[in-house]
Amino acid sequence: MSRVRTVLATVKAASPTPSGLTRPATWLVYVTCRLLVNLACSFPFQEYMSRDRFLGILRCLHYSRVDTPDHPEPANNRSFKIQNIVEYFNNKMRQIYYPDRELTIDEEMVLWRGRLVFRQYVKGKRHKYGIKIYSLNEPEGLMLRFHVYTGSHDSCSGKGHTVKVVMKLMRDFLGKGHSLFMDNFYNSFVLSSKLLRHSTYTTGTLRIDRLHTPPAVKAKALGKGETIANYAQSVMIGKWRDKRTVTYISTQYDNEMVQTTNRRNQKRTLPKPIMYYNSYMKGTDRLDQMVSYYPCERKTLRWHKKIFVHFLQVVVVNSFYLYNMYNSDRLSLYDFRVRVLEDLLPPKEAPLLITPTRNSMHRLSKSMKRKGNGKSISSSSFTENLIASSFRSLWEPIESWLVFICTSMEACNDASSLTNSRGLFMSVMSTSLRVFTLVHNRSLFVLLKLMDNFTFFHSRLGYCTVINPVF
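What comes next is a walk through the structure. Note that the coordinates shown come from a computational prediction; the quantities given were computed from them, not determined experimentally.

Attention now goes to the pattern of salt bridges. Tallied over the full model, the rule gives six salt bridges. As a salt-bridge pair, arginine 51 and aspartate 52 come within 3.1 Å of each other at their nearest N and O atoms. Since its relative accessible area comes to 52%, aspartate 52 is described here as exposed. The partner of arginine 268 in a salt bridge is aspartate 242, and the shortest N-O contact between them spans 2.9 Å. Of the two residues, arginine 268 is situated in strand β11 (residues 267–271) and aspartate 242 in the loop between β8 (235–241) and β9 (245–250); the sequence distance between them amounts to 26 residues. You can call arginine 268 partly exposed: its relative accessible area is 33%.

Let us look at a positive patch on the surface. A cluster of basic side chains, namely Arg113, Arg119, Lys123 and Lys128, defines a positive patch on the protein surface. You can see lysine 128 is positioned in the loop between β2 (120–121) and β3 (129–137).

Before going further, it helps to spend a moment on the pairing of β8. Regular strands place their side chains on alternate faces of the sheet. Among the seven residues in β8, six count as buried, and that is most of the element. Across six bridges, strand β7 (residues 227–232) lies against β8 in antiparallel orientation. By the bridge assignment, threonine 227 is partnered in β8 with tryptophan 240. The turn linking β7 back onto β8 is made up of two residues, and glutamine 233 within it adopts a positive phi angle of 55°. Note that β8 and β9 share six bridges and pair antiparallel. Opposite tryptophan 240, over in β9, you have valine 246 as the bridge partner.

The next point concerns helix α9 (residues 283–292). Gly283, Thr284, Leu287, Met290 and Val291 are the residues of α9 that are buried. On an axial view of α9, the arc spanned by its buried residues comes to 125°, and they lie on one face. Residues of α9 that are buried sit in contact with β1 (102–111), β3, β4 (143–148), α8 (272–280), α10 (303–326) and α11 (333–344).

What follows is about the environment of glycine 160. As for its placement among the helices and strands, glycine 160 is situated in the loop between β4 and α5 (161–169). Given the relative accessible area of 33%, glycine 160 is considered partly exposed. Between the C-alpha atom of glycine 160 and that of leucine 191, which follows or precedes it by 31 residues, the distance is 9.3 Å.

Turning next to the side chain of glutamate 108. Assignment of secondary structure puts glutamate 108 in strand β1. No salt bridge is formed by the buried glutamate 108; its nearest oppositely charged neighbour, lysine 125, is found at 7.7 Å. Among the polar contacts made by the side chain of glutamate 108, one reaches the side chain of histidine 310 at a distance of 3.5 Å. Once residues lying within four places of it in the same chain are set aside, the contact partners of glutamate 108 are Ile131, Lys132, Ile133, Ser135, Met143, Thr284, Leu287, Asp288 and His310.

Our next topic: the packing of α5 against helix α6 (residues 189–197). Interaxial distance between α5 and α6 falls to 10 Å at its minimum, and their mutual angle equals 25°. Put simply, α5 runs roughly parallel to α6. Between α5 and α6 the crossing geometry is right-handed. Contact residues: Val163, Val166 and Met167 in α5; Leu191, Lys194 and Leu195 in α6. Taken together, the residues that form the contact of α5 with α6 break down as five nonpolar, no polar and one charged.

On to the packing of aromatic side chains, then. On inspection of all chains with the given rule, the structure shows 17 aromatic pairs. Their ring planes at 50° and their centres at 5.6 Å tell us that phenylalanine 320 and tyrosine 321 sit as a pair that is tilted. Residue classification places tyrosine 321 among the buried positions, given a relative accessible area of 15%. Ring geometry for tyrosine 323 and phenylalanine 336: centres 5.7 Å apart, planes at 50°, overall tilted. Of this pair, tyrosine 323 sits in helix α10 while phenylalanine 336 sits in helix α11, placing them 13 residues apart in sequence. Given the relative accessible area of 8%, phenylalanine 336 is considered buried. Through a chain of ring-to-ring contacts, three or more aromatic side chains come together here, namely Tyr63, Phe89, Phe146, Phe308 and Phe311.

About the cut-offs
Residues numbered from 1 in each chain as written. Predicted model: local features only at pLDDT ≥ 70, side-chain atom pairs only at ≥ 80, totals over all residues. Heavy atoms only, no water. Salt bridge = Lys/Arg side-chain N within 4 Å of Asp/Glu carboxyl O. Buried < 20%, exposed > 50% of the residue type's maximum accessible area, 1.4 Å probe, protein only. Helix = DSSP H or I, 4+ residues; strand = E, 2+ residues; numbered from the N terminus. Patch = residues over 30% accessible without salt bridge, like charges linked within 9 Å, V, L, I, M, F, W, Y side chains within 5 Å. Areas by Shrake-Rupley, 256 points an atom, 1.4 Å probe, with all protein chains shown as cover. Lys, Arg positive; Asp, Glu negative; His and termini not counted. Charge placed at Lys NZ, Arg CZ, Asp CG, Glu CD. Pairing = 2+ DSSP bridges. Arc of directions from axis to C-beta. Contact = heavy atoms within 4.5 Å. Polar contact = N/O pair within 3.5 Å; in protein donor to acceptor, adjacent residues only side chain to side chain. Axes fitted to C-alpha atoms, helices over the stretch in contact; angles between N-to-C directions. Parallel < 35°, antiparallel > 145°, perpendicular 65-115°, else oblique. Left-handed = near helix turned anticlockwise from the far one by under 90°. Nonpolar A, V, L, I, M, F, W, Y, C, P; charged D, E, K, R; others polar. Phe/Tyr/Trp six-rings, centres within 6.5 Å; stacked < 30°, edge-to-face > 60°.

Rendered as structure tokens:
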């Protein structure tokens, strides 16, 4: 901890923030403090659920009907175990939110290195091996629909695979004037013409070897900054050379050259479809970035649990976007996750304090002894404990005996009988006092009660006696 404080104290500012605080120091202190809060167990989950119960629930986690004779697993449906999750998410997002005009479609990978018949390999992704998911997103990263690709038995597999995927994801948004941005894996002249008939516009990059690409566009050799475009059925296919040649397609923008400014404040000229494509084609990558900040994947032998955990992470990110969209108090992703945890965990009940009753007759007493080396050791006085435990059974006959003597003294007629009874009573009281004093200090209270009774009986006979026992 001291090293962390020393490092934070020596950090110097690179540039001041609007509030006057130094940016590096502020963020380092913020991140370190929140990390230390987490390490200090600000959310003691063990008070709400034990580890074994959590692992048991995780082991038995299931999202579909069990494969029984009454409900057999559908043939050639590899996504049967997660189909309910996919449908629930897609239906819920359709009910609660309708997107803006710009939409993007791209694929994402859920890491899976195990044996799986529909495991995919995508070279340019962060997780090259895994389960491929096609998603429809907004440019800011909000996911609207997704589809898990299950290989050759998938409903979208076969000839025209990308067209089937796009039409399935856009099923609820056709005919409403949306602008769809896709990369060269999906775009083609056939798909753009089909979407244009449903009043949906497309823009994106295009593979040069796609069907119906104009031969003039293919064969034209361009210098740096030059462009060429051909039009057919309201579809524009163009080619532009910057550092390398880029082929693109659009049904919304023409091949006009526009000037823009990049992140380094450098002005550059490029075609309008490329400019809008760079601005909006980032929804899936932004979602992957937000999910990667707080990963919670677990190693498992069941592939559908990986999809379920990814589904939960996407739900949290979607909720974060929707919260900031409709609330004035904007939160960071970390603060939003903390607030979700606070709302999901039940309120802690105050522990019920029960003070145990102590039996004064059975309390262990400690005595200190000295060993040969002079060190003190603690031991229990078993003799006093034995007397204390057995005194309860001994006290009842003594009490009855004393009551009998007092009754006899009350019935005495002459002075000699009274003197004998008093002598016997004094003897019994002296012995009882020694036993009471040995057992417990509170026995003095019991003795005083007995003396009270003695004084009462003597007051009826006209006498008053005071006992001074010898210790």
